[in-house]
Amino acid sequence: MKITVWNEFRHERTDEAVRAVYPHGIHRAIADHLASIEGFEPATATLDEPEHGLPQALIDSTDVLLWWGHIAHGEVSDEVAERVQSAVHRGMGLIALHSAHYSKPLKRLLGTSCGLSWREDDLHERLWVVDPTHPIAAGVDRYFEIPKTEMYGEFFDVPCPDELVFISWFAGGEVFRSGMVWKRGRGRVFYFRPGHETLPIYYQPEVLRVIVNACRYLGPRDTATVTGIGAAPQAKVSPEAGR
Ligand code: ZN
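Cut-off values and rules
- Residues numbered from 1 in each chain as written.
- Predicted model: local features only at pLDDT ≥ 70, side-chain atom pairs only at ≥ 80, totals over all residues.
- Heavy atoms only, no water.
- Donors = N, O, S within 2.8 Å, 3.2 Å for Na, K, Ca; no water.
- Helix = DSSP H or I, 4+ residues; strand = E, 2+ residues; numbered from the N terminus.
- Buried < 20%, exposed > 50% of the residue type's maximum accessible area, 1.4 Å probe, protein only.
- Contact = heavy atoms within 4.5 Å.
- Pairing = 2+ DSSP bridges.
- Axes fitted to C-alpha atoms, helices over the stretch in contact; angles between N-to-C directions.
- Phe/Tyr/Trp six-rings, centres within 6.5 Å; stacked < 30°, edge-to-face > 60°.
- Lys NZ or Arg CZ within 6 Å of the ring centre and 35° of its normal.

*Asks:* Please explain the coordination of the zinc ion as it appears in this structure.
*Replies:* Geometry reference: four tetrahedral donors at a metal, ideal angle 109.5 degrees. Six octahedral donors, ideal angles 90 or 180 degrees. At this site the zinc ion is bound by His98 (NE2), Glu150 (OE) and His196 (ND1), with donor distances of 2.0 to 2.1 Å. All donors of the zinc ion come from a single chain, and their spacing in sequence reads H-x51-E-x45-H. Separated by 52 residues along the polypeptide, His98 in the loop between β4 (93-97) and α6 (104-110) and Glu150 in strand β6 (residues 143-153) bring together distant segments of the chain. What makes His98 buried here is its relative accessible area of 1%. On the basis of relative accessibility, which here comes to 6%, the residue Glu150 falls in the buried class.

*Asks:* Just checking my understanding: could you explain the environment of Leu106 for this structure?
*Replies:* Along the chain, the position of Leu106 falls in helix α6. As for Leu106 and Val189, which are separated by 83 residues in sequence, their C-alpha atoms are 8.2 Å apart. When residues no more than four places from it in sequence are discounted, the contact partners of Leu106 are Ala96, Ala100, His101, Cys114, Val189 and Tyr191.

*Asks:* Any chance you could explain the sheet that holds strand β3 (residues 64-68) here in plain terms?
*Replies:* The strand order across the open sheet built from nine strands is β2-β1-β3-β4-β9-β8-β7-β5-β6, with neighbouring strands paired in mixed fashion. Either end of the sheet is taken by a strand with one partner, and the two such strands are β2 (41-46) and β6. In this sheet, adjacent strand axes meet at a mean angle of 25° when their direction is disregarded. Relative to strand β9 (residues 187-192), β4 runs parallel, the two being bridged by four bridges. Looking at β9, one finds that Leu94 is bridged to Val189. Its contacts with the sheet put helix α5 (residues 78-90) on β3, β4, β8 (175-184) and β9, and the angle it makes with β9 is roughly 120°.

*Asks:* Looking at this structure, I do not really get the packing of aromatic side chains. What am I missing?
*Replies:* The geometry of an aromatic ring pair is captured by the separation of the ring centres together with the interplanar angle, meaning the angle of the planes. All told, the structure shown has 11 aromatic pairs when counted by the stated rule. Ring centres of Phe166 and Phe192 lie 5.9 Å apart, and the angle between their planes is 45°; on these two criteria the pair is classed as tilted. With a gap of 26 residues between them, Phe166 in strand β7 (residues 163-170) and Phe192 in strand β9 connect regions that are remote in the sequence. Relative accessible area serves as the criterion here: at 0%, Phe166 is assigned to the buried category. Exposure remark for Phe192: the relative accessible area of 0% places this residue in the buried category. Feature note: the residues Phe144, Phe166, Phe190 and Phe192 constitute an aromatic cluster, connected by ring pairs. For the cation-ring pair, Arg188 lies above Tyr217, with the distance from its terminal atom to the ring centre recorded as 4.2 Å. Between Arg193 and the ring centre of Tyr152, over which it is positioned, the NZ or CZ distance is 5.0 Å.

*Asks:* What exactly am I supposed to notice about the environment of Pro194 here?
*Replies:* Checked against the element boundaries, Pro194 lands in the loop between β9 and α7 (205-218). Spatially, the C-alpha atoms of Pro194 and His98 are 5.4 Å apart, while their sequence positions differ by 96 residues.

Listed below in structure tokens is the structure:
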């Protein structure tokens, strides 16, 4: 499975506290783990590369794209955002991580503001599994905890998901839909909340397990061969047809 881990890669180069946690970037931390999984072939791409590291040829060969961005969503070109969107429509999986709730590709695919409430207080979070049959939750207990996290709270302005996998509870009393899947065209989108740039969340085994599960779930699979969408009108039938 060809996986591309995309990162804005700005905090890690400008902020000492972030570099201390992710010295080679969030993308490398995640990709290094994915490389240890049999059958996974991870590549990385970052904002400041030509075409943000996502030329059409790479997108065309990517089964699942992971996206992490925070302070430079507006610097992502509309052309590349459109490229990601149409790749999802053709069947690519997209995993939007944490602050990628405001990323251009996700907002285009969901069609809402994707706004939410938040607070940086480094308190703990409990992620409850609300669909124990869901493959993305495979191997997770009733819940898992992140000891220090940034709070994201409802209302999260996204469309009702097709599949809800995790709901988070925070020490301040807030709740949040932390793991959601939407079907878009032939592809699927998974939003997964954990992962603040100053906290070592992308080294936590439960978080990495969910990301691996999500890659498998959003990756290539056999589907119906539906042709003719947007093509010529269907042939006319006589009133006797089907009797
Ligand atoms: Zn954050």
